[in-house]
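A closer look at the structure
One letter stands for each residue in the lines below.
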Amino acid sequence: GENVEQHPSTLSVQEGDSAVIKCTYSDSASNYFPWYKQELGKRPQLIIDIRSNVGEKKDQRIAVTLNKTAKHFSLHITETQPEDSAVYFCAASSGTALIFGKGTTLSVSS
Amino acid sequence: GAGVSQSPSNKVTEKGKDVELRCDPISGHTALYWYRQSLGQGLEFLIYFQGNSAPDKSGLPSDRFSAERTGGSVSTLTIQRTQQEDSAVYLCASSAGQGVQETQYFGPGTRLLVL
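The sections below set out a description of the structure shown in this document. What you are looking at is a predicted structure, and each value in this text was computed from that prediction instead of being measured.

Before going further, it helps to examine the interface of chain A and chain B. Taken residue by residue, the interface counts 17 residues in chain A and 19 residues in chain B. Broken down residue by residue, the surface that chain A buries against chain B is led by Arg43, Thr96 and Phe100 of chain A, which jointly contribute 35%. Along the contact surface separating chain A from chain B lie zero salt bridges. Going through the elements one at a time, β4 (32-38), β5 (45-51), β9 (86-94) and β10 (97-100) of chain A are the ones with two or more residues in the side of chain A that touches chain B. Classifying every residue of the side of chain A that touches chain B gives eight nonpolar, six polar and three charged.

This is how it looks when you write it as structure tokens:
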């Protein structure tokens, strides 16, 4: 079955810096890759997703890139702000389910 | 509109007891998912309901876990003979339409503690 690895597990940056979180997946049939943000004590919320027919997608300060050959995808956050501090989860589709990475705790200090 | 709701928000039980967790999806959403989130772990898929189709139970960790969805809306996740390793946050999500590429909207979760 699908396996998703996410790195790093924790990431600390200064406000205004960029942050990059990387994920790899194992199932070449996966074709949908969402990213969820979970603030402390809150529910996960979708922030961006990408489908296998594109290599990059951007939404304001957030971008996601996908390399299907290498089976990895990344989340890029530019000009980080304190409110970006949260746990970020990547996921890959597998049949009817999403298989999630273990999460990255991002801390943005001002 | 109202989002996904779950009850109870917290549940403390003794080892060996049965528990029922409830999920109310967004009105009109045909797909419903249950996940388990253990401390420091990602979201572990448990079960998927789509309309009136047979559920995908491939993620249920043991036969102590079961779930139902009545009338294509409310879902109940039941854990029988709870064990301490069942302690986790149980999250429900719903989505419109068919297929895993539809955005999943999560509920606030039920935090289960088995003593």
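Attention now moves to the sheet that holds strand β3 (residues 19-25) of chain A. All names here are of chain A. Ordered in space as β1-β3-β8-β7-β6, the five strands form an open sheet in which the pairing is antiparallel. Edge positions in the open sheet fall to β1 (4-7) and β6 (56-59), since each of these has one partner strand only. Strand-to-strand, the axes of this sheet are offset by a mean angle of 15 degrees, without reference to chain direction. Across six bridges, β3 lies against strand β8 (residues 72-77) in antiparallel orientation. Its bridge partner being in β8, Ala19 is matched across the sheet by Ile77.

Residue and element names in this part refer to chain B. An order of β1-β3-β7-β6 is seen for the four strands of this open sheet, with the pairing classed as antiparallel. Taken across any chain shown, the strands that pair with only one partner, and hence form the sheet edges, are β1 (5-7) and β6 (65-69). Between one strand axis and the next, the sheet turns through 15 degrees on average, direction left out of account.

In this structure, the amide linkage connecting His7 of chain A to the following residue, Pro8 of chain A, adopts the cis form with an omega of -5 degrees. Residue position: Pro8 of chain A is located in the loop between β1 and β2 (10-14). In the segment running from Ser7 of chain B into Pro8 of chain B, the intervening peptide bond is cis, with an omega of -10 degrees. Mapped onto the secondary structure, Pro8 of chain B falls in the loop between β1 and β2 (10-13). Although it is not a glycine, Gln60 of chain A adopts a positive phi angle of roughly 60 degrees. Relative to the helices and strands, Gln60 of chain A resides in the loop between β6 and β7 (62-67). Given the relative accessible area of 71%, Gln60 of chain A is considered exposed. One non-glycine residue, Lys71 of chain A, adopts positive backbone phi at about 55 degrees. One can find Lys71 of chain A in the loop between β7 and β8. Given a relative accessible area of 24%, Lys71 of chain A falls into the partly exposed group.

Conventions used here
- Residues numbered from 1 in each chain as written.
- Chains lettered and ligands numbered in written order.
- Predicted model: local features only at pLDDT ≥ 70, side-chain atom pairs only at ≥ 80, totals over all residues.
- Heavy atoms only, no water.
- Contact = heavy atoms within 4.5 Å.
- Buried area = accessible area lost by both parts, 1.4 Å probe.
- Salt bridge = Lys/Arg side-chain N within 4 Å of Asp/Glu carboxyl O.
- Helix = DSSP H or I, 4+ residues; strand = E, 2+ residues; numbered from the N terminus.
- Nonpolar A, V, L, I, M, F, W, Y, C, P; charged D, E, K, R; others polar.
- Pairing = 2+ DSSP bridges.
- Axes fitted to C-alpha atoms, helices over the stretch in contact; angles between N-to-C directions.
- Buried < 20%, exposed > 50% of the residue type's maximum accessible area, 1.4 Å probe, protein only.

Worth remembering: the numbers are spatial, not functional.
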